[in-house]
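Reading the structure
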Amino acid sequence: MVGATSDITRCVARRIGALGYNLLLAARDAEQLEIEAADLRVRCGVAVYTMSFDAVVDEPSAWMAAMRQELPRDDTLVGMVVGLGLFARESMVKQQPELAQRMDRVNHRVPVALTEAALGVIPSTGFVCVIGSVAGDRVRANLASYGQSKRALDQALARMRSARPGGPQIITAKPGPTDTAMTWGLEASGPLAQPDEVAACIVRAIERRQSIVYCPGRWRWIMAVIRALPGPLFRWLLANR
């Protein structure tokens, strides 16, 4: 679990641990990571390991090599969940232009690099699940940099699926707006999903070996409509909602 202290990934870890799988948690906040690991050991009765990972500075392939050395010899890496995310509105990006590059790294380039590295060691029956966002389906002007980073992630994972038929399953999970620390204080245009609701959707997708999953499922149909809207109508709706 990379990004294991995020609200959604924490719930995914609990659900996978409840199935009896040992877990390795990775995140930047070492103190919070140990709290989560201790909780999972008691809650699920499985072995839980921890490693530091900072998506802003750590090199993914080197980290993956070090992670494999940390795992006990009798533990095989059968899957990876990547739940990294950095969010900023375009108004913030205009004030801090470096945020655009940082979002591209955290939301796109590092998850892709971790996926590529993981595919080299995970068996064909395994999986890599990367948590993206519905924001990548159609980019909004007020979330341009964030949406573009998630769109680039979608496209990269799609290319990897096409290039590796028969290998480990590559899953793109696309949550809609969810009640997490990332959305705290933001105005919502509708009800927010709960993190555990999204996690349940993600774990079902892993079990069913799906390629793309919208969480909750209603977002598949919502985004199908949004993608089909003509550009002028889409912009008018955003301006007048």
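Heads up: these notes are all about the structure in this document.

Definitions and limits used
Numbers given to residues run from 1 along each chain, matching the order in which its sequence is written. Confidence filtering applies because this is a predicted model: local features only for residues at pLDDT of at least 70, side-chain atom pairs given and counted only at 80 or more, and all residues used for totals across whole chains, interfaces and linings. Note that the side-chain values use all heavy atoms of the structure and ignore hydrogens as well as water. Any two of the Phe, Tyr and Trp rings considered here, Trp counted by its six-membered ring, make a pair once their centres fall within 6.5 Å; the pair's planes then place it as stacked at under 30 degrees, edge-to-face at over 60, or tilted in between. Secondary structure elements follow DSSP: runs of H or I of four or more residues count as helices, runs of E of two or more count as strands, with numbering from the N terminus. Relative accessibility thresholds used throughout: buried, under 20% of the residue-type maximum; exposed, over 50%; partly exposed, between the two (1.4 Å probe, protein chains only). Any Lys or Arg side-chain nitrogen located within 4 Å of an Asp or Glu carboxyl oxygen qualifies as a salt bridge. Angles here are taken between N-to-C directions and fall from 0 to 180 degrees, while the axes themselves are lines fitted to C-alpha atoms, restricted in helices to the stretch in contact. By definition in this entry, angles of less than 35 degrees are roughly parallel, angles greater than 145 are roughly antiparallel, angles of 65 to 115 are roughly perpendicular, and the rest are oblique. Note: crossing handedness is left-handed where the near helix turns anticlockwise from the far helix by less than a right angle, and right-handed where it turns clockwise. Only heavy atoms enter the contact rule, under which two residues are in contact if any of them lie within 4.5 Å. Lys, Arg, Asp and Glu make up the charged group, whereas Ala, Val, Leu, Ile, Met, Phe, Trp, Tyr, Cys and Pro make up the nonpolar group; the residues left over, Gly among them, are polar. The rule is simple: put a 1 Å grid over the protein atoms alone, call a set of points where a 1.4 Å probe fits but cannot get out a cavity, call an open set with protein on both sides within 12 Å along at least five of seven lines a pocket, and count a residue as lining if it has an atom within 4 Å of a point. Grid points are joined across faces, edges and corners, and a volume is the space filled by probe spheres set on the points.

On inspection of all chains with the given rule, the structure shows two aromatic pairs. Both rings, one in F87 and one in Y146, keep their centres 4.9 Å apart while their planes meet at 75 degrees; by these two values the pair is edge-to-face. In this pair, F87 is assigned in the loop between strand 3 (79–82) and helix 4 (90–95) and Y146 in helix 6 (residues 144–163), connecting sequence segments 59 residues apart. The class of F87 is partly exposed, set by a relative accessible area of 24%.

Okay, the pattern of salt bridges next. Scanning all chains against the criterion turns up nine salt bridges. Between D137 and K174 there is a salt bridge, and its shortest N-O distance comes to 2.7 Å. Remark: K174 occurs in strand 5 (residues 169–175) and D137 occurs in the loop between strand 4 (127–131) and helix 6; sequence separation between them is 37 residues. Accessibility classification places D137 together with K174 in one group, the buried group. A network of salt bridges, in which partner residues are shared, links D137, D154, K174 and R227.

On to the packing of helix 5 (residues 98–119) against helix 6. Running from N to C, helix 5 and helix 6 cross one another at 15 degrees; their axes reach a closest spacing of 8 Å. Between helix 5 and helix 6, the crossing angle belongs to the class labelled roughly parallel. Pair helix 5 / helix 6 crosses with right-handed handedness. Seen from helix 5, the contacting residues are A100, M103, D104, N107, H108, P111, V112, T115, E116 and L119; seen from helix 6, they are S145, Y146, S149, K150, A152, L153, A156, L157 and M160. Considering only residue class, the contact of helix 5 with helix 6 consists of eleven nonpolar, five polar and three charged.

Residue position: V93 is located in helix 4. Of the residues examined, V93 reaches a relative accessible area of 7% and is grouped as buried. Taking the C-alpha atoms as reference points, V93 and L143, 50 residues apart in sequence, are found 9.3 Å from one another. Among residues more than four places away in sequence, those in contact with V93 are A88, L99, A100, M103 and S145.

Attention now moves to the layout of surface pockets. Its boundaries defined by the atoms lining it, the second largest pocket holds a volume of some 590 Å³. Lining the second largest pocket are 27 residues, and of these Y21, N22, V78, G79 and F127 lie nearest its centre. Elements with a contribution of two residues or more to the lining of the second largest pocket: strand 1 (23–27), helix 3 (60–70), strand 3 and helix 7 (195–208). For the lining of the second largest pocket, the class distribution of residues is 20 nonpolar, five polar and two charged.

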